[in-house]
Amino acid sequence: VPSCDHEFFCKQSERMVNYVKLLANPIVECSPTVCLDKTKVSDPVVLLVSPQAGGAGTQVEVLVKNLPAFAANDVSVIVLGTLSKQRVSVSSLQQDVGSTLMASQGVLRFEAPQFTSPDDFARVEISTTVGGKARVVAFEFEYLPQIS
């Protein structure tokens with residue numbers, strides 16, 4: 001018995017695969033229960049950033065709500081200044097138990113990169129793509145001058 005192409009099946013009804021639900025309860029046959037209305041996926045919100053300032057090498061923790069991702073490599077962090085744009089790797093992403101694509105809360109960690117712009121503040125963008133749509137949230141991180 002060939003297994004269902006869930007992606008194709010859900011697209012027929014303008015929906016997306018709820019991969020979190022499918023991973024938790026794998027099914028072979030096509031079923032609308034594994035499809036999710038894309039509009040039900042919430043936009044992420046930053047609840048807390050710690051610390052809010054630092055220099056290159058600072059370990060930054062971000063408490064984020066409704067980031068529809070469950071693996072660090074599904075998330076992109078970009079640090080922007082007037083003269084620079086750097087992609088930073090996410091060191092970890094831990095979603096709370098019970099988190100779904102529609103509602104979640106978790107902690108994302110990354111290391112602040114060297115900042116080459118003359119600005120005091122960098123714009124940090126956290127993003128992930130779900131159902132073909134980018135979900136982005138941003139916050140300001142203050143770069144403190146290096147004291148030598």
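Conventions we followed
- Residues numbered from 1 in each chain as written.
- Predicted model: local features only at pLDDT ≥ 70, side-chain atom pairs only at ≥ 80, totals over all residues.
- Heavy atoms only, no water.
- Salt bridge = Lys/Arg side-chain N within 4 Å of Asp/Glu carboxyl O.
- Helix = DSSP H or I, 4+ residues; strand = E, 2+ residues; numbered from the N terminus.
- Buried < 20%, exposed > 50% of the residue type's maximum accessible area, 1.4 Å probe, protein only.
- Pairing = 2+ DSSP bridges.
- 1 Å grid on protein atoms, 1.4 Å probe; cavity = no way out; pocket = protein on both sides within 12 Å on 5 of 7 lines; lining within 4 Å.
- Points joined across faces, edges and corners; volume = space filled by probe spheres on them.
- Nonpolar A, V, L, I, M, F, W, Y, C, P; charged D, E, K, R; others polar.
- Axes fitted to C-alpha atoms, helices over the stretch in contact; angles between N-to-C directions.

### Some thoughts on the pattern of salt bridges
Line of reasoning, step 1. For the structure shown, the criterion picks out four salt bridges.
Line of reasoning, step 2. Linking arginine 135 and aspartate 43 is a salt bridge whose minimum nitrogen-to-oxygen distance equals 3.1 Å. Residue arginine 135 is located in strand β11 (residues 133-143), and its partner aspartate 43 is located in the loop between β2 (35-36) and β3 (45-50); the two are separated by 92 residues in the primary sequence.
Line of reasoning, step 3. The exposure class of arginine 135 is buried, given its relative accessible area of 4%.
Line of reasoning, step 4. Glutamate 61 is the salt-bridge partner of arginine 109, the closest N and O atoms lying 3.0 Å from each other. Of this pair, arginine 109 sits in strand β9 (residues 105-111) while glutamate 61 sits in strand β5 (residues 59-65); the two residues are 48 residues apart in sequence, bridging distant segments of the chain.
Line of reasoning, step 5. With relative accessibility at 35%, the residue glutamate 61 sits in the partly exposed group.

### Observations concerning unusual backbone geometry
Line of reasoning, step 1. In the segment running from serine 50 into proline 51, the intervening peptide bond is cis, with an omega of -10 degrees.
Line of reasoning, step 2. Tracing the chain through its elements places proline 51 in the loop between β3 and β4 (53-54).
Line of reasoning, step 3. Of note, asparagine 66 is a non-glycine position whose phi angle comes to about 60 degrees, a positive value.

### Notes on the sheet that holds β4
Line of reasoning, step 1. Taken in spatial order, the five strands line up as β4-β11-β10-β6-β7 in an open sheet, and their pairing is mixed. This sheet does not close on itself; its edge strands, each paired only once, are β4 and β7 (85-88).
Line of reasoning, step 2. Sheet topology note: the strand β10 (residues 121-130)/β11 ladder contains 10 bridges and is antiparallel. Bridge pairing in β11 places phenylalanine 121 opposite glutamate 142.

### Details of the layout of surface pockets
Line of reasoning, step 1. Approximately 180 Å³ is the volume attributed to the largest pocket.
Line of reasoning, step 2. What lines the largest pocket is a set of 14 residues, and nearest its centre among them are Glu7, Met16, Val17, Val130 and Gly131.
Line of reasoning, step 3. Looking at the lining of the largest pocket element by element, the count peaks at three residues for β10.
Line of reasoning, step 4. Of the residues assigned to the lining of the largest pocket, the class counts are five nonpolar, four polar and five charged.

### Considering the sheet that holds β5
Line of reasoning, step 1. Taking strand neighbours across the sheet as the criterion, the four strands line up as β3-β5-β9-β8 in an open arrangement whose pairing is antiparallel. Since the sheet does not close on itself, it has two edges, and those belong to β3 and β8 (90-95), each with one partner. Each adjacent strand pair in this sheet contributes to an overall mean axis angle of 20 degrees, direction not counted.
Line of reasoning, step 2. As paired strands, β3 and β5 are joined by five bridges and run antiparallel to one another. Among the inter-strand pairings, serine 50 is bridged to a residue of β5, identified as glutamate 61.

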